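Structural overview
Take a look at the letters that make up each chain.
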Amino acid sequence: MTWFGWLRARPRTLASAGVLVVGAVALTTMAFAYQGKPTTQVELNDGGVWVTKQSTLMVGHLNHESQVIDGGLSAASARYDVLQAGSTVVLHDESASTAAVIDPAAVKVTTAAKLPAGTDVELGGKAVAVLDGRGDLWVVPASGLGGFRTSTVKPVAKLGRGAAVAVGRDGVVHAVSPSRSQLITIPTDAQGDPGDVGTQGLDGLTASAKVSITAVGGTGVVLDSTHSRILGSGLDTAIDDGAQAVLQQPSDQADAVLVETPTALERVPLGGGAPTRTTGGGDGIPAAPVYVQGCAYAVWSGSLRFVRDCPGTKDDVSRIVPGADPSAQLQFRVNRDVVVLNDIVGGASWLAADSMKKIDNWADLTPPPSQTEKVETKPDAIWAQQATLDRKSV
């Protein structure tokens, strides 16, 4: 049975809905609502985090306070991800090479930008960074993403192949160019528009190096996986097993950057010095660790080990993820100061900063109504299907 066939087979009360038929790029979105406590919209400051269930092409809004998934959208392909920074949420469909802002209040997708195949999309603050396979870098406000086209906008920097980009929580864009041995910094304003490009040399970084980058506060930090080194302004530290290591997600300011290897979480001091290690208790597939409100979080797929390392020992945890499927693909989702662990394919989520309670109520979401109406809009946009929320009490 197809996905849309499943929707038609669900016995639900119908309500009004709309279909936008606006071009030929395959990005389909469909809104769902939780049939629990009645609400009229997703609260913009509810401490919610967006999670995915790629096995059924779903994106869900996890309400941290209520501890349920209370709304969602369907995507068109299994190769997609959701990016979030407060009330700014972006759906990146890698198969269709599109990126679109999600309206969190209405739980619907706005007009998408068509991007070159293989483009990396990163979000921080109100700014979206777009890096294509040639190393051309654009920085655009999230509010203007729907109208963005790489063919009509000049890139802010040309970094060459093998480049990487990240956006700090403050909206500052950090990029690394192996071909130029440079670290690039681009500030953005309150709307997400880019400022002047700053560059700094990275001694010893070779053009053939495989690199990734993150932001610790306003500091850009680079992982040279080829040579197992952490690089930055005045920073050059060797780490173990750099070829399989993963840098942390962007965080607020700290005195160290987190790096996760298959067996341990490492803290690399930004001022130099030897890394410190917290073992994971097994050998697994590392995910990007996160640092939120003084606590470091790490998880490994395969071994299903989870570590929370906070100041002192009271809130420290080292355990197996409870109720996780052995095949779970685990990833942290962070929005504001809420940390959720998400099996991005299976859909289960855990409250990582609390008791590790498992949340997996996707079946409670109501499919969209089937009554539709076609509306024509701009021909260069995307295929999108959007539905109004059907909120009920129980």
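Scoring rules and cut-offs
Residues numbered from 1 in each chain as written. Predicted model: local features only at pLDDT ≥ 70, side-chain atom pairs only at ≥ 80, totals over all residues. Heavy atoms only, no water. Helix = DSSP H or I, 4+ residues; strand = E, 2+ residues; numbered from the N terminus. Phe/Tyr/Trp six-rings, centres within 6.5 Å; stacked < 30°, edge-to-face > 60°. Buried < 20%, exposed > 50% of the residue type's maximum accessible area, 1.4 Å probe, protein only. Disulfide = S-S within 2.5 Å. Salt bridge = Lys/Arg side-chain N within 4 Å of Asp/Glu carboxyl O. Core = buried A, V, L, I, M, F, W, Y, C linked by side-chain atoms within 4.5 Å. Contact = heavy atoms within 4.5 Å. Pairing = 2+ DSSP bridges. Axes fitted to C-alpha atoms, helices over the stretch in contact; angles between N-to-C directions.

**Some details on unusual backbone geometry**
A positive phi angle is found at Ser97, which is not glycine, with a value near 55°. When you line up the elements, Ser97 lands in the loop between β7 (88-93) and β8 (98-103).

**Some words on the packing of aromatic side chains**
A complete count under the given rule lists 3 aromatic pairs for this structure. Here Trp138 and Phe148 contribute two aromatic rings whose centre-to-centre distance is 6.2 Å and whose plane-to-plane angle is 70°, an arrangement assigned as edge-to-face. Taken as a pair, Trp138 in strand β12 (residues 136-141) and Phe148 in the loop between β12 and β13 (157-158) lie far apart in primary sequence, 10 residues in all. Here the two residues Trp138 and Phe148 agree in accessibility, since each one is buried. Through pairs of rings, three or more aromatic residues link up here, namely Tyr297, Phe306 and Phe332.

**Quick word on the state of the cysteines**
Scanning the model with the defined rule gives 1 disulfide in all. Between the sulfur atoms of Cys295 and its disulfide partner Cys310 the distance amounts to 2.0 Å. On the S-S bond that ties Cys295 to Cys310, the torsion sits near 120°, and the link is right-handed. Remark: Cys310 occurs in the loop between β29 (305-309) and β30 (317-320) and Cys295 occurs in strand β28 (residues 295-301); sequence separation between them is 15 residues.

**Re the pattern of salt bridges**
Counted according to the given criterion, the structure contains 12 salt bridges. Across the salt bridge formed by Lys158 and Asp136, the nearest N and O atoms sit 3.4 Å from each other. Linking Lys158 in strand β13 with Asp136 in strand β12, this pair joins segments that are 22 residues apart in sequence. Residue classification places Lys158 among the partly exposed residues on the basis of a relative accessible area of 47%.

**Some points on the nonpolar core**
With 22 residues, the main nonpolar core has Tyr297, Phe306, Val321, Phe332 and Leu341 as its most contacted residues. Breaking this core down by element, the ones donating at least two residues are β27 (290-292), β28, β31 (330-335) and β32 (338-343). Leaving out residues up to four positions away in the same chain, Val321 has contacts with Val299, Leu304, Phe306, Leu330, Leu341, Trp350 and Met356. In terms of nonpolar packing, the next biggest core, distinct from the first, is built from 15 residues, Ala99, Val130, Ala142 and Leu145 among them.

**Some words on the sheet that holds β7**
Strand-to-strand pairing in sheets goes through backbone hydrogen bonds, with the strands running parallel or antiparallel. An order of β6-β7-β8-β9 is seen for the 4 strands of this open sheet, with the pairing classed as antiparallel. Whereas interior strands pair on both sides, the edge strands pair on one side only; in this sheet they are β6 (80-85) and β9 (108-114). Each strand of the sheet is rotated relative to its neighbour by a mean of 25°, with strand direction disregarded. In the sheet, β8 pairs with β9 via 5 bridges, with the strands oriented antiparallel. The partner of Thr98 across the bridge, within β9, is Lys114.

**Considerations on the sheet that holds β13**
Read from one edge of the open sheet, 4 strands run β10-β11-β12-β13, paired in antiparallel fashion. Looking at strand neighbours, the two that pair on one side only are β10 (120-124) and β13, the edges of this open sheet. Two strands pair when backbone bridges link them, and β10 and strand β11 (residues 127-131) are joined in this way by 5 bridges, in the antiparallel orientation. Among the inter-strand pairings, Leu123 is bridged to a residue of β11, identified as Val128.

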